[in-house]
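Structural characterization, general
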Amino acid sequence: MTIQQCIYVRKIAEVGSFNEAAKQLFIAQSSLSTSIKALEQELGIKLFERSKNGVFLTDDGTEFIKYAGHIAEYNDFVAERYNSERKCKRLYVVTQHYDFIADVFGKMLKETKADSYNFSLIETKTNDVIRRIESARADIGIIAIKDSDDTVMRRYLDQKGLSFNPFLTASPHVFLRKGHPLLKYEKLSYDILLDYPYVSYEQGNRNTSFFTEEIMDELNVKKHIEISDRATLMNVLLLTDCYTIGTGIMPSELNNGSIESVELDSDAFYTIGYIVRAENKLSGSVKEFIQFLESSAENISSR
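Conventions and cut-offs
Residues numbered from 1 in each chain as written. Predicted model: local features only at pLDDT ≥ 70, side-chain atom pairs only at ≥ 80, totals over all residues. Heavy atoms only, no water. Buried < 20%, exposed > 50% of the residue type's maximum accessible area, 1.4 Å probe, protein only. Helix = DSSP H or I, 4+ residues; strand = E, 2+ residues; numbered from the N terminus. Arc of directions from axis to C-beta. Polar contact = N/O pair within 3.5 Å; in protein donor to acceptor, adjacent residues only side chain to side chain. Salt bridge = Lys/Arg side-chain N within 4 Å of Asp/Glu carboxyl O. Pairing = 2+ DSSP bridges.

Within helix 2 (residues 18–25), the full set of buried residues consists of Phe18, Ala21, Ala22 and Leu25. The buried residues of helix 2 occupy an angular sector of 100° when projected down its axis, which confines them to one face. For helix 2, the N-terminal cap is Ser17; the gap from its side-chain oxygen to the backbone nitrogen of Asn19 is 3.2 Å. One or two steps after helix 2, the chain reaches Phe26, where phi turns positive at roughly 60°.

Right, let's get into the pattern of salt bridges. A side chain with one charge can pair with a side chain of the opposite charge if their charged atoms come near. Considering all chains together, one arrives at 15 salt bridges under this definition. The closest approach of N and O atoms between Lys160 and Glu134, which form a salt bridge, is 3.7 Å. Pair noted here: Lys160 is in the loop between helix 7 (150–159) and strand 6 (162–170) and Glu134 is in helix 6 (residues 126–134), with a separation of 26 residues, a long-range link. Looking at Glu134, the relative accessible area reads 36%, which means it is partly exposed. Where Arg177 meets Asp241, a salt bridge forms, and the shortest distance between an N and an O atom there is 2.6 Å. Of this pair, Arg177 sits in strand 7 (residues 173–177) while Asp241 sits in the loop between helix 9 (230–239) and strand 11 (244–246), and the two are 64 residues apart along the sequence.

This next bit is on the environment of Val199. With respect to the secondary-structure elements, Val199 resides in strand 9 (residues 198–201). By relative accessible area, Val199 is classed as buried at 0%. As for Val199 and Leu47, which are separated by 152 residues in sequence, their C-alpha atoms are 45 Å apart.

On to the sheet that holds strand 12 (residues 259–264), then. Strand order across the open sheet formed by four strands is 8-12-7-11, with mixed pairing between neighbours. The strands lining the two open edges of the sheet, one partner per strand, are strand 8 (187–188) and strand 11. Pairing of strand 7 with strand 12 involves five bridges; the strand directions are antiparallel. In the strand pairing of strand 12, Phe175 is matched with Ser261.

Structurally, Asp139 can be placed in the loop between helix 6 and strand 5 (140–146). Reaching out from Asp139, the side chain makes a polar contact with the side chain of Arg90 at a distance of 2.9 Å. Reaching out from Asp139, the side chain makes a polar contact with the backbone nitrogen of Tyr92 at a distance of 2.8 Å.

Here is the structure:
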């Protein structure tokens, strides 16, 4: 099986015709049919059913195209990655949900003088951050490791061929809307928080201590809300008496002072760092982004 055959299958399924697919792929229809027949023989399945109304995927074909789609997408990503490398400045950043990373990303954009560039910042689940770096779909990832999980997470990343490079340590803080009744406290304990709704980022089937972004034992929470993005989190916090727990780092430019933080009475702490593929040489854009990260960390630590 070849990548080209996967691309062929995806195109035929998309247009519903061998003839039209051949035109769009700029190959002869006979060559396309021969390639698909060879693939079917190799896999021992039938991929397409033909009828007077067009071509349709079989049940086996429907299952196969899920994998073929992933293969073709990876091929497109790699092709774009190296074709554009010589033409424009490129940086793909993937991160957990942190305001200050968006701030760092924006500052780098502001300072970029390149005539042509392709930058990307994706906020996502912890495990997805790790998978995107592991599979080379991103250049650098940002995660925080809780002190209680440090040994296990570092071993896990090492097994994935990834290096974790700390640049900041932060104590846990409770995020609350301006005017929240809990802002009267200088420090907040878990007992005080118990009667208020707790908001956290959902982590899918990886919703374990090692992958959660918050320092919190959800078993001791009476009211719990899961969300998937920072915009929803902000809205929920602003409109309710909910709270969440994070690093306490939130640039004022991003929230206009509408969200405030109070230190959590806990000995726990986060180690925030960037992950990259251990064996890969860092590009100039990645090195530049790391400089912005470290500069931001110095400013945060000096406050």
